[in-house]
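# Structural overview for review
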Amino acid sequence: MSNTKFIYGFRKNLIDLIFIIRLHIKSFKVFGFNTVKEIRQYFKDDKCLFKTSPNRYVKSGKEIIAVPDMPPINSIDFIDYVISDIKWINHKQQPKLVFAIVCITSKCPFKCPYCYNSDLHIKEERLNIDTLTNTILALITNGVKSIYLSGGEPLMRWNDLQTILKKFKHTGTRFWLLSTGFQLTEKRLQILKNEGLKGVMISLDSFDPKHINSVKGSQKAFDYAISAINSANKIGLFVALDCVFGKTLLKEKNFIKFIVLAGKKGAHFINCYSPRQMHHDLNNEYNNFGISEFEQLEIITTKNHKAKHYRTSPIAYAPDLWEAKRGCVGGKLFIYIDPAGNVKFCPFVDKSFGNINNDDIENILYKITHRDSKHICATNKLLS
């Protein structure tokens, strides 16, 4: 069975104390005698990372994480990230890229109406393996610590998926797999873990099998997802769910049902994404959120973070609400490469800064980090 577990109470407080001590020691090399002042100013700011810290962490092996997008709490990489965040919040210095989403395939077996890149799903691949590996190498060279391999469905490109993980196995990069669970068996997950995979993010939007199967257009969709979650947890991978929140889940009783199912099956995190009107007309269940829906989402996720009875339940995060407090982090903390090779700072903004098939990735990264800030999504504008 998995040795992955939740840490809370005294043990979490001790981890936080050790982190604060290590942060002061490392920060002294950067801020000198202003260290205490800089850290105090940062912790008072509403944009401080720790303003949204949950009452528990997830531990697997020697790693302790609070949110999948960030390095482990007990790592040097996380301390370096917080120091970079202090420079950003206190002094408006451009932060370093932390993670990237790289779509490695144009193929997908499902037809989710809310998919943000469904218009790019075709039967032929646009990106060859050399282009992908060269791009990933450039991202790592530029300091990216976590890379999410996405699609389409990455399992549609099984051999190349293994090649990518094997090539970068010893770089210290944290690789995650964004998947529907399609054909993601325990045997395959074990192979990927042996090649360096740290965790999976499985698409699951409801506790109701009929709803999942209907939305994805397959009678096997729910079973694929549940089987992948079980198997990933069993072999000791971090497990997150990518959940597009329909109106049904905004009702607290339904959210609790979903949390209970996710916890029983072995999930540790739930990424709560608001629906986006992208390429298809969506029904009432997946209409874009207004302010009242976001307020309800904040209520239920805040309870998930703070209430004692959630201490051994998956940690729920709402990226839209997190960015509402800190501003758009696309192009600052992460970038997105779509199935056609277009490099964007967010999946929900069409602006491309170049294509990895014919543009130099270093030049693309430079253009992104030196762009103006006018390109933000409608949701970020609404919440800001």
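Residues numbered from 1 in each chain as written. Predicted model: local features only at pLDDT ≥ 70, side-chain atom pairs only at ≥ 80, totals over all residues. Heavy atoms only, no water.

With respect to the helices and strands, Asn 55 occurs in the loop between helix H2 (35-44) and strand E2 (56-60). Only 2.8 Å separates the side chain of Asn 55 from the side chain of Arg 56, close enough to count as a polar contact. Sequence-distant contacts of Asn 55, defined by excluding residues within four places in its chain, comprise Ile 7, Tyr 8, Gly 9, Lys 12, His 305, Lys 306, Ala 307, Lys 308 and Arg 311. (Helix = DSSP H or I, 4+ residues; strand = E, 2+ residues; numbered from the N terminus. Polar contact = N/O pair within 3.5 Å; in protein donor to acceptor, adjacent residues only side chain to side chain. Contact = heavy atoms within 4.5 Å.)

Let us look at the nonpolar core. Counting residues in each nonpolar core, the largest one holds 85 residues, and the members touching the most others are Leu 149, Phe 245 and Leu 297. For this core, the element with the most residues is helix H8 (residues 221-234), which contributes 8 residues. Contact partners of Leu 149, with chain neighbours within four places excluded, come to Val 102, Ile 104, Ile 136, Pro 154, Leu 161, Ile 164, Leu 165, Phe 175, Trp 176, Leu 177 and Leu 178. One finds Tyr 57, Phe 78, Ile 89 and Val 329 within the second-largest nonpolar core, a separate group that totals 43 residues. (Core = buried A, V, L, I, M, F, W, Y, C linked by side-chain atoms within 4.5 Å. Buried < 20%, exposed > 50% of the residue type's maximum accessible area, 1.4 Å probe, protein only.)

Evaluation of the coordinates by the stated rule reveals 13 salt bridges. Here Lys 12 ties to Asp 16 by a salt bridge, and the two come within 2.7 Å at their closest N and O atoms. You can see Lys 12 and its partner Asp 16 sitting in helix H1 (residues 9-31), 4 residues apart, about one turn around the helix. Under the relative-accessibility criterion, Asp 16 is labelled partly exposed at 22%. When the shortest N-O distance is used, the salt bridge between Glu 186 and Lys 234 registers 3.6 Å. In this pair, Glu 186 is assigned in helix H6 (residues 186-194) and Lys 234 in helix H8, connecting sequence segments 48 residues apart. (Salt bridge = Lys/Arg side-chain N within 4 Å of Asp/Glu carboxyl O.)

Taken in spatial order, the 3 strands make up an open sheet running E1-E2-E3, and their pairing is antiparallel. Unpaired on one side and paired on the other, strand E1 (5-8) and strand E3 (63-65) mark the two borders of the sheet. Strand-to-strand twist across the sheet, computed as the mean angle between neighbouring axes with direction ignored, equals 35°. Two strands pair when backbone bridges link them, and E1 and E2 are joined in this way by 4 bridges, in the antiparallel orientation. What sits directly across from Ile 7, in E2, is Tyr 57. The sheet contacts of H1 involve E1, E2 and E3, and relative to E1 the element is tilted by about 75°. (Pairing = 2+ DSSP bridges. Axes fitted to C-alpha atoms, helices over the stretch in contact; angles between N-to-C directions.)

Bringing the pairing of strand E7 (residues 197-203) into the picture now. With 6 of 7 residues buried, E7 is to be regarded as a mostly interior element. Note: strand E6 (residues 174-179) against E7, 5 bridges, orientation parallel. Within E7, the residue paired with Ser 179 across the bridge is Ile 202. Crossover connection from E6 via H6 to parallel E7: handedness right-handed. (Right-handed = clockwise from strand over helix to strand, strands pointing away.)

All of the buried residues along helix H5 (residues 158-167) are Trp 158, Leu 161, Gln 162, Ile 164 and Leu 165. What you see down the axis of H5 is that its buried residues fit within an arc of 160°, all on one side. Exposed side of H5, more than 90 degrees from the buried face: Asn 159, Lys 166 and Lys 167 are the residues found there. Tucked inside the fold, the buried residues of H5 contact helix H4 (129-141), strand E5 (146-150), E6, H6 and E7. (Arc of directions from axis to C-beta.)

It is worth spelling out the pairing of E5 at this point. Where burial is concerned, most of E5 is hidden: 5 out of the 5 residues are buried. Of the two faces of E5, the one lined by Ser 146, Tyr 148 and Ser 150 and the one lined by Ile 147 and Leu 149 are each fully buried. Regarding topology, H4 serves as the crossover connection from strand E4 (residues 99-103) to the parallel E5, and that connection is right-handed. Across 4 bridges, E5 lies against E6 in parallel orientation. Paired with Tyr 148 across the bridge in E6 is Trp 176. Between the parallel pair E5 and E6, the chain is carried across by H5, and the sense of this crossover is right-handed.

Now for H4. With 13 residues, H4 extends 18 Å between its outermost C-alpha atoms, agreeing within 8% with the 18 Å of an ideal straight helix rising 1.5 Å per residue. All buried positions along H4 are accounted for by Thr 131, Leu 132, Thr 133, Thr 135, Ile 136, Ala 138, Leu 139 and Ile 140. Elements in contact with the buried residues of H4: E4, E5, H5, E6, strand E11 (334-337) and helix H12 (361-369). (Expected span 1.5 Å × (residues − 1).)

The 9 strands lie next to each other as E10-E9-E8-E7-E6-E5-E4-E11-E12, forming an open sheet whose pairing is mixed. A strand with exactly one partner marks an edge of an open sheet, and here the two such strands are strand E10 (315-317) and strand E12 (343-344). When strand E8 (residues 238-244) meets strand E9 (residues 269-273), the two strands line up parallel, connected through 5 bridges. In the strand pairing of E9, Asp 242 is matched with Asn 271.

Moving on: the confidence of the model for the chain. Per-chain confidence: the chain averages 92 in pLDDT, with 97% of residues scoring 70 or above. Considering each helix and strand of the chain separately, the mean pLDDT is smallest for helix H13 (residues 378-383), with a value of 80, and largest for H6, with 98. (pLDDT = per-residue confidence, 0-100.)

Note that Asp 69 resides in the loop between E3 and helix H3 (76-91). Beyond its immediate stretch of four places on either side in the chain, Asp 69 contacts Val 98, Phe 99, Ser 146, Tyr 148 and Met 201. For Asp 69, the side chain forms a polar contact with the side chain of Tyr 148, separated by 2.6 Å.

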